[in-house]
Amino acid sequence: MSDRDAAFEAYFTARSGAMRGTAFLLCGDWHRAEDLVQQTFTKIYLAWRRIEQRESMDNYTRQTLVRTFLSERRRAWFRHESVGSEAGDRAAPPAELTEERLVLMEALVKVPPKQRAVLVLRYWEDQSVEQTAALLDCSTGNVKSQAARGLATLRSLLEGEKVR
């Protein structure tokens, strides 16, 4: 195994779990999250030789993950992929998740993709407004407005859950 492959393998082993969690928050499905992580790390492996600043790999990986997610959401075939309203082989949520967390996850999936990406980066990944703007390649004002809209959408969805 080359030094390049060993370095990539060590990075993948150390960070793939955290990226899988972020991917799940973005897409709301463990199977799709696995696919997103696989696509992300494939892209990173292909660019591994050109990447010089390994200390900023987490930001680069997050950026690649979010862009892969947003790119996937833009494809028309993805929207029409599902033939039924409910997938029959959904993964069971981990046992330690509480009912409130499950409700939050279901609501988060209904938030529009760009708003969801901002919410995940800002509040799950604990990125600053500036870091989130750099990762999404947009202005800080856009991050702030997307965060505000995303939180408002999430609140309205959660309020709807309380009424039921």
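In the block above lies the structure referred to throughout.
Quick caveat: nothing in here was measured; it's all calculated off a predicted structure. (Residues numbered from 1 in each chain as written. Predicted model: local features only at pLDDT ≥ 70, side-chain atom pairs only at ≥ 80, totals over all residues. Heavy atoms only, no water.)

A short note on the overall build of the chain
Inference 1: When you go through the chain residue by residue, the secondary structure sums to eight helices and zero strands.
Inference 2: Counted from the first residue to the last, the chain has its helices and strands arranged as α-α-α-α-α-α-α-α.
Inference 3: Residue burial in the chain is summarised as follows: out of 164 residues, 36% are buried.
Inference 4: Sequence separation of 24 or more characterises 67% of the internal contacts of the chain that already satisfy a separation of 6 or more.
Inference 5: Summed over its atoms, the accessible surface of the chain is roughly 10100 Å², and 52% of this surface lies on carbon and sulfur atoms. (Helix = DSSP H or I, 4+ residues; strand = E, 2+ residues; numbered from the N terminus. Buried < 20%, exposed > 50% of the residue type's maximum accessible area, 1.4 Å probe, protein only. Contact = heavy atoms within 4.5 Å. Areas by Shrake-Rupley, 256 points an atom, 1.4 Å probe, with all protein chains shown as cover.)

So, the nonpolar core
Inference 1: In terms of nonpolar packing, the biggest core is built from 37 residues, with Leu 26, Trp 48, Val 66 and Leu 136 touching the most fellow members.
Inference 2: Secondary structure elements with two or more residues in this core: helix 1 (3-27), helix 2 (30-47), helix 3 (57-74), helix 5 (99-110), helix 6 (113-124), helix 7 (129-136) and helix 8 (140-163).
Inference 3: For this core, the element with the highest residue contribution is helix 1, accounting for eight residues.
Inference 4: Those residues in contact with Trp 48, other than ones at most four positions away along the chain, are Arg 4, Ala 7, Phe 8, Tyr 11, Arg 54 and Met 57. (Core = buried A, V, L, I, M, F, W, Y, C linked by side-chain atoms within 4.5 Å.)

Here's the deal with the environment of Gln 127
Inference 1: On the secondary structure map, Gln 127 appears in the loop between helix 6 and helix 7.
Inference 2: Residue class for Gln 127 comes out buried when judged on its relative accessible area of 6%.
Inference 3: With 68 residues separating them along the chain, Gln 127 and Asn 59 place their C-alpha atoms 9.6 Å apart.
Inference 4: Ignoring sequence-local partners within four residues, the contact set of Gln 127 consists of Asn 59, Arg 62, Leu 121, Arg 122, Thr 132 and Leu 135.

Things to note about the side chain of Gln 146
Inference 1: In this structure, Gln 146 sits in helix 8.
Inference 2: A residue is classified by how much of its surface remains accessible, and Gln 146, at 15% relative accessible area, is buried.
Inference 3: With sequence-adjacent residues up to four places away left out, Gln 146 is seen in contact with Lys 114, Gln 115 and Val 118.

Brief notes about the side chain of Thr 132
Inference 1: Residue placement: Thr 132 occurs in helix 7.
Inference 2: The residues touching Thr 132, leaving out its near neighbours within four places in the chain, are Val 118, Leu 121, Arg 122, Gln 127 and Val 143.

Observations concerning helix 1
Inference 1: Taking 1.5 Å per residue, 25 residues should reach 36 Å; helix 1 reaches 34 Å between its end C-alpha atoms and fits that length.
Inference 2: Its axis deflected by about 45 degrees at Arg 15, helix 1 carries its strongest bend there.
Inference 3: Among all positions of helix 1, only Phe 8, Tyr 11, Ser 16, Met 19, Gly 21, Thr 22, Ala 23, Phe 24, Leu 25, Leu 26 and Cys 27 are buried.
Inference 4: Just beyond helix 1, the residue with positive phi is Gly 28, at close to 80 degrees. (Expected span 1.5 Å × (residues − 1). Bend = angle between axes of the 7 residues up to and from the residue.)

A few points about the layout of surface pockets
Inference 1: The volume enclosed by the second largest pocket comes to roughly 200 Å³.
Inference 2: Mapped by element, the contributors of at least two residues to the lining of the second largest pocket are helix 5, helix 6 and helix 8.
Inference 3: Looking at the lining of the second largest pocket residue by residue, the classes come out as 10 nonpolar, no polar and one charged. (1 Å grid on protein atoms, 1.4 Å probe; cavity = no way out; pocket = protein on both sides within 12 Å on 5 of 7 lines; lining within 4 Å. Points joined across faces, edges and corners; volume = space filled by probe spheres on them. Nonpolar A, V, L, I, M, F, W, Y, C, P; charged D, E, K, R; others polar.)

A short note on the pattern of salt bridges
Inference 1: For the coordinates displayed, the defined rule picks out four salt bridges.
Inference 2: Residue Asp 58 is joined to Arg 15 by a salt bridge in which the shortest nitrogen-to-oxygen separation is 3.0 Å. You can see Asp 58 sitting in helix 3 and its partner Arg 15 sitting in helix 1, a full 43 residues away along the chain.
Inference 3: On the basis of relative accessible area, Asp 58 is assigned to the partly exposed category, the value being 26%.
Inference 4: Residue Asp 137 pairs with Arg 67 through a salt bridge whose shortest N-O separation is 4.0 Å. Taken together, the positions of Asp 137 in the loop between helix 7 and helix 8 and Arg 67 in helix 3 put the pair 70 residues apart, joining distant regions of the chain.
Inference 5: Here Asp 137 falls in the exposed class, since its relative accessible area comes to 62%.
Inference 6: For Arg 67, a relative accessible area of 39% puts it in the partly exposed group. (Salt bridge = Lys/Arg side-chain N within 4 Å of Asp/Glu carboxyl O.)

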